[in-house]
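Chain by chain, the residues:
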Amino acid sequence: MAENTETPELPDMLPTEAELRERLTAEQFQVTQHAGTERPFTGKYWETTRDGVYHCVVCDVALFSSDTKFDAGCGWPSFYAPLEGENIENRVDNSHGMTRTETVCARCGAHLGHVFPDGPAPTGDRFCMNSASLNLKTTDD
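To start, this report covers the structure provided alongside it. Small disclaimer: the values here were computed from a predicted structure and weren't measured. (Residues numbered from 1 in each chain as written. Predicted model: local features only at pLDDT ≥ 70, side-chain atom pairs only at ≥ 80, totals over all residues. Heavy atoms only, no water.)

1. Side note on the packing of aromatic side chains
And step 1. Going through the model one piece at a time under the given rule, you end up with five aromatic pairs.
And step 2. Both rings, one in Phe 41 and one in Trp 46, keep their centres 4.9 Å apart while their planes meet at 90°; by these two values the pair is edge-to-face.
And step 3. Taking the relative accessible area as the measure of exposure, Phe 41 reaches 46% and is therefore partly exposed.
And step 4. Given a relative accessible area of 23%, Trp 46 falls into the partly exposed group.
And step 5. Ring centres of Phe 64 and Phe 79 lie 4.4 Å apart, and the angle between their planes is 20°; on these two criteria the pair is classed as stacked. Linking Phe 64 in strand β2 (residues 62–65) with Phe 79 in strand β4 (residues 78–79), this pair joins segments that are 15 residues apart in sequence. (Phe/Tyr/Trp six-rings, centres within 6.5 Å; stacked < 30°, edge-to-face > 60°. Buried < 20%, exposed > 50% of the residue type's maximum accessible area, 1.4 Å probe, protein only. Helix = DSSP H or I, 4+ residues; strand = E, 2+ residues; numbered from the N terminus.)

2. Digging into the pairing of strand β6 (residues 100–105)
And step 1. The buried count for β6 comes to five of six residues, which makes it a mostly enclosed element.
And step 2. When strand β5 (residues 88–93) meets β6, the two strands line up antiparallel, connected through six bridges. Bridged to Asn 90 within β6 is Thr 103.
And step 3. Linking β5 back to β6 in an antiparallel pair, the connection comprises six residues, with His 96 at a positive phi of about 60°.
And step 4. Linkage of β6 to strand β7 (residues 111–116), two consecutive antiparallel strands, is achieved through a turn of five residues, within which Gly 109 is found at a positive phi near 80°. (Pairing = 2+ DSSP bridges.)

This is the structure in structure tokens:
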């Protein structure tokens, strides 16, 4: 499958909070801007099997290929590797009384989800993402 992984140009300034509130749904805004989490088994991509590339809903950068998506049984879309490593950033997250590794879009800082060391080969990683942070561009688009 030929994939367009070019990174779109980001404007000089990121969208303002008002612009994001206008463009994103309330859930997308809460998840991407305030590190929210959608309820498991409710997001539009948790069981999607269509081919394509998952992009950041805020800035449109390519993040994950459907080729690396797998059913982790957790209720969120899960991937064993990012499309381009430089398009995501991992940060320590000490919220909710636990230490986890948060994954954000390296380009715009949007919260995507968390990465855990319990995924399948070849990486052993499980990038557990929120559907609300993603936009799937299928090969039909």
